[in-house]
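Read off the chains here:
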Amino acid sequence: MFHSYAAIGDSFTEGVGDELPDGSVRGWADFVAIGLAAAAREPIGYANLAIRGRKLGPIIDEQLDPAIALRPELLSFNGGGNDMLRPRMDEQVTASRFRDAIERIRAEGIHVLMLSGANPTDHLPMGKVFDARGARLTAALVDLADRPGVTFVDNFNDLGLRDIRYWSPDKLHLNALGHARVASNVLTGLGVPVPAEWGVEEVAAAPAGPKSRNTAAYYREFVLPWIGRRLTGRSSGDGRTAKRPTLEPVPDAAA
């Protein structure tokens, strides 16, 4: 049973794609915090330091120390997705930095929730290239799951999660259904009950969505702006700060 939880990462962990009416984002980590509070039957502390657009290096350099300083009982770590989308990626360096970060968290006596991101490559241009990179990175790190104090949740190889029903219009970020499914995977990995009202099992049992097609409108709205940011050295996370930088109470939803 965990009574405090901190999350670090990029847009996947921040919750991009699961937008609320007020313009803020929710996401799987928020769902996990709610599930942990429900299991504890009391408020728990929850912080989310993730910022969209961050590559693995900045996640470690900017978010890891502040998260450790919060002294959470559980710390989730994901990163590398934005590295995989770049033209060049040093896979050995990326894997080594990821491994060092996991060991650093373990050395602090904090339980590590290590998780791979969901796999969008069925729907993306050049998807096969990114899929191969993600598969190699996941395989290079899977042995960490055997370390004491580590829980590994492999969303990248959750084949059902590749269905277009779980993805937002940009096909790069999960929608609310996708984030709920990832949260279900995480809670199951932690041995925590998944709230039935989320409807994750019902959605999974429904027929698969239609085959995804990338139209000219899709390229204009999503792909070309992404390329423009890469060419100018900009990021979707420029100027953003963590949405929840300190451990704040998350009440038991049932209460």
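Residues numbered from 1 in each chain as written. Predicted model: local features only at pLDDT ≥ 70, side-chain atom pairs only at ≥ 80, totals over all residues. Heavy atoms only, no water.

When helices and strands are counted, the chain shows nine helices and six strands. For the C-alpha atoms alone, the extent of the chain along its principal axes is close to 50 × 40 × 35 Å. For the chain, with 255 residues in total, the buried portion stands at 51%. Excluding contacts between residues fewer than 6 apart, the proportion of contacts in the chain whose partners are at least 24 apart in sequence is 77%. Roughly 11900 Å² of accessible area belongs to the chain as shown, and the carbon and sulfur atoms make up 55% of that amount. (Helix = DSSP H or I, 4+ residues; strand = E, 2+ residues; numbered from the N terminus. Buried < 20%, exposed > 50% of the residue type's maximum accessible area, 1.4 Å probe, protein only. Contact = heavy atoms within 4.5 Å. Areas by Shrake-Rupley, 256 points an atom, 1.4 Å probe, with all protein chains shown as cover.)

It is worth spelling out the nonpolar core at this point. In this structure, Tyr5, Trp28, Leu36 and Val186 are the most contacted members of the largest nonpolar core, which totals 35 residues. When contributions to this core are tallied by element, the ones reaching two or more residues are strand 1 (4–8), helix 2 (28–40), strand 2 (44–48), strand 4 (111–116), helix 7 (176–190) and helix 8 (200–205). The element best represented in this core is helix 2, accounting for eight residues. Excluding residues that lie within four positions of it along the chain, Val186 makes contacts with Trp28, Val32, Leu113, Leu115 and Val153. Of all hydrophobic cores here, the second largest spans 27 residues; its members include Ile8, Leu64, Ile105 and Leu141. (Core = buried A, V, L, I, M, F, W, Y, C linked by side-chain atoms within 4.5 Å.)

Okay, the packing of helix 3 (residues 56–69) against helix 5 (residues 91–107) next. At their nearest, the axes of helix 3 and helix 5 sit 11 Å apart, and the two run at 5 degrees to each other. With respect to helix 5, the axis of helix 3 lies roughly parallel. Of the residues in helix 5, those touching helix 3 at Leu56, Gly57, Ile60, Asp61, Leu64, Asp65 and Ile68 are Thr94, Arg97, Phe98, Ala101, Arg104 and Ile105. Of the residues contributing to the contact of helix 3 with helix 5, the split by class is seven nonpolar, two polar and four charged. (Axes fitted to C-alpha atoms, helices over the stretch in contact; angles between N-to-C directions. Parallel < 35°, antiparallel > 145°, perpendicular 65-115°, else oblique. Nonpolar A, V, L, I, M, F, W, Y, C, P; charged D, E, K, R; others polar.)

Attention now moves to the sheet that holds strand 6 (residues 244–250). One key point about sheets: their strands pair by backbone hydrogen bonds, in either a parallel or an antiparallel sense. Ordered in space as 5-4-3-1-2-6, the six strands form an open sheet in which the pairing is mixed. Whereas interior strands pair on both sides, the edge strands pair on one side only; in this sheet they are strand 5 (150–154) and strand 6. Across the sheet, the axes of successive neighbouring strands diverge by a mean angle of 20 degrees, strand direction being ignored. Where strand 1 and strand 2 come together, four bridges link them in parallel fashion. (Pairing = 2+ DSSP bridges.)

Summarising the element assignment, Asp143 is placed in the loop between helix 6 (127–141) and strand 5. A relative accessible area of 30% means that Asp143 is categorised as partly exposed. As for Asp143 and Arg99, which are separated by 44 residues in sequence, their C-alpha atoms are 10.0 Å apart.

The next subject is unusual backbone geometry. Phi at Arg41 takes a positive value of approximately 60 degrees, unusual for a residue other than glycine. Phi at Lys171 takes a positive value of approximately 65 degrees, unusual for a residue other than glycine. By the element assignment, Lys171 lies in the loop between strand 5 and helix 7. Assessed through its relative accessible area of 9%, Lys171 is described here as buried.

In this section: the pattern of salt bridges. This structure, assessed with the given rule, holds 16 salt bridges. We note a salt bridge from Glu103 to Arg106, for which the minimum N-O separation is 2.6 Å. Taken as a pair, Glu103 and Arg106 lie in helix 5 at a separation of three residues, close to a single helical turn. With a relative accessible area of 25%, Glu103 lands in the partly exposed category. With a relative accessible area of 25%, Arg106 lands in the partly exposed category. Where Arg165 meets Asp163, a salt bridge forms, and the shortest distance between an N and an O atom there is 3.3 Å. Its relative accessible area of 14% is what places Asp163 among the buried residues. (Salt bridge = Lys/Arg side-chain N within 4 Å of Asp/Glu carboxyl O.)

Tallying each qualifying case throughout the model produces six aromatic pairs. Between Tyr218 and Phe222 the ring centres are 5.6 Å apart and the planes differ by 45 degrees, which places this aromatic pair in the tilted class. With Tyr218 and Phe222 both in helix 9 (residues 216–232) and four residues apart, the pair spans about one turn of that helix. Note on Phe222: relative accessible area 23%, which makes it partly exposed. (Phe/Tyr/Trp six-rings, centres within 6.5 Å; stacked < 30°, edge-to-face > 60°.)

Nothing here speaks to function; it is geometry throughout.
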